[in-house]
Amino acid sequence: MSSHLTALTIGDTRITLLRAGAYWWDGGAMFGVVPRSLWGKTHQPDEQNRIECGLNCCVVETADHRILIDTGGGVRFDERARERQKMPQPPQLREVLAAAGFEPETFDTVINTHLHWDHCGGNTVDENGRAVASLPHARYFVQRGELLHAREQHPRDAVSYRAINYEPLLEAGQLHLIEGDREIVPGVAVRVAPGHNRDMMVVLVRSGHDTWCHAADLAPFAAQITPTWVAGFDLYPMETIAQKQELFSRAAAEGWWLSFAHEPRLAFAKIETREGKWRTTETRA
Ligand SMILES: [Zn+2]
């Protein structure tokens, strides 16, 4: 896991990729039907076939706003869960931000791409026996459909959703439920990209002539820019493929920068597609 800061400037907006720790998860689950002989070239598995996954969060600073995209996995793990994921006791989100020079009180916005534990586990922190917002002055945004799905506790993915990551924020009036695509603050927009689940969002930042897109779990790793490289978790893999074909074709044609939810080292990449092959052209670690 890299601990140094990697930042990108898009017009007058600055984007910093932070990692709220890392976990190791089964490579087969992360890459679905793709054989290990292919994904193993870029992701070295350990003796239990696990690969390293960053808990990536992005700080977006516009002229008037400071935004955090996703909040990592949080700290609420028992020893067994940490062992299973080869995870040292992870840091509090507030510590991760402060260590990078971003005081938690200075954020006005949090975007949760979706409510899986590894994207919103740092949303809340325990204070005097209750869970409160880690970023006290921020408005948090998520799709209404995602909250409804989380509450449904479907047997397929109930394990990914923990009420403590979002219900206390809803009760406090800090979680704002949105429906469909919209601009969150000037220049920063969310777009629903179904596939991983029905309501996951990607985030688009446009400033000057440049665009950056946080692909979230549409492509957990850079190797998954190839549209058919879909994670085994995805509920709607055909939709993942369609979304990637559309979004990444535009990213390639227009020279967008991309970021990925779980890349353990690479922070930003530009991509191209030629004769059905997808690859990164420029990367920043
Ligand atoms: Zn997810």
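Everything quoted here is computed from the prediction, not taken from an experiment. (Residues numbered from 1 in each chain as written. Predicted model: local features only at pLDDT ≥ 70, side-chain atom pairs only at ≥ 80, totals over all residues.)

Caption draft 1: Spatial organisation of the overall build of the protein chain. Per the secondary structure count, the protein chain includes eight helices and 16 strands. For the protein chain, the C-alpha radius of gyration of 18 Å lies close to 19 Å, the compact-globule estimate for 285 residues. Principal axes of the C-alpha set define a box for the protein chain whose edges measure 55 × 45 × 35 Å. A burial count over the protein chain gives 45% of its 285 residues as buried. Taking contacts inside the protein chain between residues at least 6 apart in sequence as the whole, the part at least 24 apart equals 66%. (Helix = DSSP H or I, 4+ residues; strand = E, 2+ residues; numbered from the N terminus. Rg over C-alpha atoms; globule rule 2.2 N^0.38 Å. Buried ≥ 20, exposed ≤ 12 C-beta atoms within 10 Å, placed from the backbone. Contact = placed C-beta atoms within 7 Å.)

Caption draft 2: Representation of the sheet that holds strand β9 (residues 175-178). The seven strands lie next to each other as β1-β2-β3-β4-β5-β8-β9, forming an open sheet whose pairing is mixed. Only two strands of the sheet have a single partner each, and these edge strands are β1 (6-10) and β9. Across the sheet, the mean angle separating the axes of adjacent strands is 25° when strand polarity is ignored. Here strand β4 (residues 66-69) pairs with strand β5 (residues 109-111) via three bridges, running parallel. When the sheet's bridge partners are listed, Leu68 is paired in β5 with Val110. Where helix α6 (residues 144-152) meets the sheet, it contacts β8 (139-143) and β9, and its direction lies at approximately 75° from that of β8. (Pairing = 2+ DSSP bridges. Axes fitted to C-alpha atoms, helices over the stretch in contact; angles between N-to-C directions.)

Caption draft 3: Focus on the pairing of strand β2 (residues 13-26). Burial within β2 is extensive, with 10 of its 14 residues counted as buried. As paired elements, β1 and β2 share five bridges and run antiparallel to each other. When the bridges of β2 are listed, Thr9 appears paired with Arg14. Between β1 and β2, which pair antiparallel one after the other, the connecting turn spans two residues, and Gly11 there sits at a positive phi close to 60°.

Caption draft 4: Main features of the environment of Leu218. Tracing the backbone shows Leu218 in the loop between β13 (210-214) and α8 (237-254). For Leu218, a count of 30 C-beta atoms within 10 Å translates into the label buried. Sequence separation between Leu218 and Ala261 is 43 residues, and the spatial gap between their C-alpha atoms is 8.4 Å. If near-sequence neighbours (up to four positions away) are discounted, Leu218 is found in contact with Ala193, Gly195, His196, Val202, Thr240, Gln243 and Lys244.

Caption draft 5: Examining α8 more closely. The terminal C-alpha atoms of α8, which comprises 18 residues, lie 25 Å apart, in line with the 26 Å expected from a rise of 1.5 Å per residue. Along α8, the residues that are buried comprise Thr240, Gln243, Lys244, Leu247, Phe248 and Ala251. An end-on view of α8 places all buried positions within 105° of arc, on one side of the element. Among the exposed residues of α8, those oriented more than 90 degrees off its buried face are Met238, Glu246, Arg250 and Ala253. The inward-facing, buried residues of α8 abut β12 (201-207), β13, β14 (257-259) and β15 (268-274). Looking one or two residues beyond α8, the residue adopting positive phi is Gly255, at roughly 70°. (Expected span 1.5 Å × (residues − 1). Arc of directions from axis to C-beta.)

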